Structures are given as structure tokens and as C-alpha cells.
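# Geometric and topological summary
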Amino acid sequence: IYLPFIMPSMITGLSLLLLFVALDWDRGYWTVTLAHMAFTTSFVALVVDARLADLDPSCEEAARDLGATAFSAFRRVTLPMISPAVTAGFLLAFTLSLDDLVIASFTSGPGATTLPMRLYGQMRLGVTPEINAIGSMVLAVSLILLITAQSILQRGRKA
């Protein structure tokens, strides 16, 4: 779980590229998606694990004693209690994926591109109004997600 924290993204991208070549997979959308999932899962797991460590297991046990199935107890008791951490983990994974250029450039194939790769390619030719517009849109979406996450965390603290 801690490997993506200590391993440079250059090594991660190169090792994933070698894996996809060894498996004879065509590089494209799915390889970029799998690479980003492999890279960000540890960050999400760490956030959710920290929340799970603080939970009182007696709440889920009480639901099970009252006749709830394991899945129902998880869905109705545990999931609402960890939903702020799951949301925070999602936002962290989204931000890390949006920011990642190195792993995406290693694992994307010809013709497949991500937003950071496209912006980097255009930046070499100079800053255009299109780059400014995309940057403004990313900033606006990030602020909306941040405000949404903050309101969810506030609701979680009140509950």
C-alpha cells in the first residue's frame, strides 16, 4: 500500500509500461485507467483505513444482532459512517489522476491522450487562449468539488 508514496512516478510508469508490453495489451484508454487506478488506490486506502480505525465496531454488531445481513449492516451502518472518507479519497484520487503526466505518458498509446498530456504538448508551442480556458475550467471544477467535499464533511461531523 505504501509503495506509490515512496516510488517515483517515473519508475511506476515504466514498470506499468513493461507490464502492458509483456501482456501484449494495446496501450490506450484502458491501460491509462488501470495505471491510474493502481497509482491512486493506495492513497484512497490510506484515507479510508484511517476512518475505519476510528469506527466503533459495536454499531455494526448491533445491526447484525437486530437481524441485518452483513451486506445490509455495511450498507446502512458502516458506509454512511465512512462516506466522508470515501468522498475525500475519491477527490484525492481524482486530483492525483488529473495532475499525473508521467504515468499517463508511459501507459497511453498512439492517438490516446489525457488532458495533462495535451496541455503539456500545447505549452511547448506557447500559451494560447485555449490553455487559459481549460485552466479556468479545471480551477472552477476543482473549487466546486472542494466546496462539495467540505459540505459533506461538515454534514458528517454533525451526524
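Structural data are supplied above this passage.
What you see is a predicted model; the values in this text were computed from it and never measured. (Residues numbered from 1 in each chain as written. Predicted model: local features only at pLDDT ≥ 70, side-chain atom pairs only at ≥ 80, totals over all residues. Heavy atoms only, no water.)

Take the overall build of the protein next. Each helix and strand in the protein was counted, giving eight helices and zero strands. Along its sequence from the N terminus, the protein presents helices and strands in the succession α-α-α-α-α-α-α-α. By the compact-globule yardstick of 15 Å for 159 residues, the protein is too spread out, its C-alpha radius of gyration being 20 Å. With respect to the principal axes defined by its C-alpha atoms, the protein has extents near 65 × 40 × 25 Å. The buried share of the protein, reckoned over its 159 residues, is 25%. Sequence separation of 24 or more characterises 64% of the internal contacts of the protein that already satisfy a separation of 6 or more. (Helix = DSSP H or I, 4+ residues; strand = E, 2+ residues; numbered from the N terminus. Rg over C-alpha atoms; globule rule 2.2 N^0.38 Å. Buried < 20%, exposed > 50% of the residue type's maximum accessible area, 1.4 Å probe, protein only. Contact = heavy atoms within 4.5 Å.)

In this section: the packing of helix α5 (residues 70–99) against helix α8 (residues 129–158). At a minimum axis distance of 9 Å, the contact between α5 and α8 shows a crossing angle of 165°. It follows from the interaxial angle that α5 and α8 lie roughly antiparallel. Considering only the axes of α5 and α8, their crossing is left-handed. For the pair α5 and α8, contact is made by Pro84, Thr87, Leu91, Phe94 and Leu98 and by Val138, Leu145, Ala149, Ile152, Leu153 and Gly156, respectively. (Axes fitted to C-alpha atoms, helices over the stretch in contact; angles between N-to-C directions. Parallel < 35°, antiparallel > 145°, perpendicular 65-115°, else oblique. Left-handed = near helix turned anticlockwise from the far one by under 90°.)

Moving on: a nonpolar patch on the surface. On the surface, Ile1, Tyr2, Leu3, Phe5, Ile6 and Leu46 cluster together into a nonpolar patch covering about 650 Å² of accessible area. At three residues, the largest contribution of residues to the nonpolar patch is made by helix α1 (residues 3–6). Secondary-structure assignment places Tyr2 in the segment before α1. Judged by its relative accessible area of 55%, Tyr2 falls in the exposed class. (Patch = residues over 30% accessible without salt bridge, like charges linked within 9 Å, V, L, I, M, F, W, Y side chains within 5 Å. Areas by Shrake-Rupley, 256 points an atom, 1.4 Å probe, with all protein chains shown as cover. Salt bridge = Lys/Arg side-chain N within 4 Å of Asp/Glu carboxyl O.)

Keep in mind that these numbers describe shape and distance, not what the molecule does.
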